[in-house]
Amino acid sequence: MQSAATSVSVIPAQAGIQIGKVPIIRHLGCAELAPTYQAMRRFTDARGTTTPDELWVLEHTPVYTVGIAGRERHFPRESAIPLERIDRGGQITYHGPGQAIVYALVDLARRGLTVRGMVSLIEEAVIEVLAAHGVGAARRNGAPGVYVDGAKIAALGLRVRRGCCYHGVALNVDMDLAPFSAIDPCGYPGLAVTQTRAYGVLADAQGMGDELARRVARLIEDK
């Protein structure tokens, strides 16, 4: 299993590419949450005004994550799955193999993006990727993320420090959804969750993650 803490580093922009314009896409494989989280924070603290934005594509080993507003009433009563508190927005969600995660380490100030604008951009990328596979998806007012037939298929949350964001989006692809039943996903009791495999999409988490990262990159480049 590859550790994001040791595999992630800032690299120079490629020759002929304007620094900061084209996001770098990194594939981290299946990584544990804690070292990946710390790597995102270190990257954000160390970056300068010319540091290229990066998109990290990965899956996580099984873990519940709780945002800064997380309330214990939404947590599992008992579980062998570890629970980690992190500094993104939102409540509790679950990550595990078969889920495509794209972490967006983006200088919002340099791009002229607001937090809301970045959230909308990521949601739009998910909707476009799903549409390319014949799956109709939509946003829901007041509940960030992407939904199909009323069920949540992608959860997202961001943190902004020094005008730059990190964390990102988790798209359910072909995973064990049972751990969601032990929590109130994203703080909503009884919220149904689904995944792309249920709609006949054959692409695996790695393929969907790469496709999603490329779509996010394209939308960012257009800013």
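Shown above is the structure to which this text applies.
Before going into details, it helps to say that this report is about the structure given with it. (Residues numbered from 1 in each chain as written. Predicted model: local features only at pLDDT ≥ 70, side-chain atom pairs only at ≥ 80, totals over all residues. Heavy atoms only, no water.)

### Focus on the overall build of the protein
The helix and strand inventory of the protein stands at five helices and nine strands. Beginning at the N terminus, the succession of helices and strands in the protein can be written as α-β-α-β-β-β-β-β-α-α-β-β-β-α. Whereas a compact globule of 223 residues would reach a radius of gyration of roughly 17 Å, the protein reaches 16 Å, a difference of no more than 12%. Based on the C-alpha atoms only, the size of the protein along its principal axes is roughly 50 × 35 × 35 Å. A total of 223 residues make up the protein; the buried ones form 53% of that total. For the protein, long-range pairs separated by at least 24 residues make up 70% of all intrachain contacts whose partners lie at least 6 apart in sequence. Working note: accessible area of the protein is about 9,800 Å², and carbon and sulfur atoms make up 50% of it. (Helix = DSSP H or I, 4+ residues; strand = E, 2+ residues; numbered from the N terminus. Rg over C-alpha atoms; globule rule 2.2 N^0.38 Å. Buried < 20%, exposed > 50% of the residue type's maximum accessible area, 1.4 Å probe, protein only. Contact = heavy atoms within 4.5 Å. Areas by Shrake-Rupley, 256 points an atom, 1.4 Å probe, with all protein chains shown as cover.)

### A short note on the nonpolar core
If you look at the biggest cluster of nonpolar residues, it comprises 38 residues, and the most contacted ones within it are Met-118, Leu-130, Leu-171 and Leu-212. Those elements giving two or more residues to this core turn out to be strand E2 (54-60), strand E6 (99-107), helix H4 (115-132), strand E7 (146-148), strand E8 (151-161), strand E9 (164-172) and helix H5 (205-221). Per-element accounting of this core gives the leading share, nine residues, to H4. Filtering out sequence-adjacent residues up to four positions away, Leu-171 remains in contact with Gln-99, Ala-100, Val-126, Leu-130, Ile-153, Ala-154, Thr-196, Met-208 and Leu-212. (Core = buried A, V, L, I, M, F, W, Y, C linked by side-chain atoms within 4.5 Å.)

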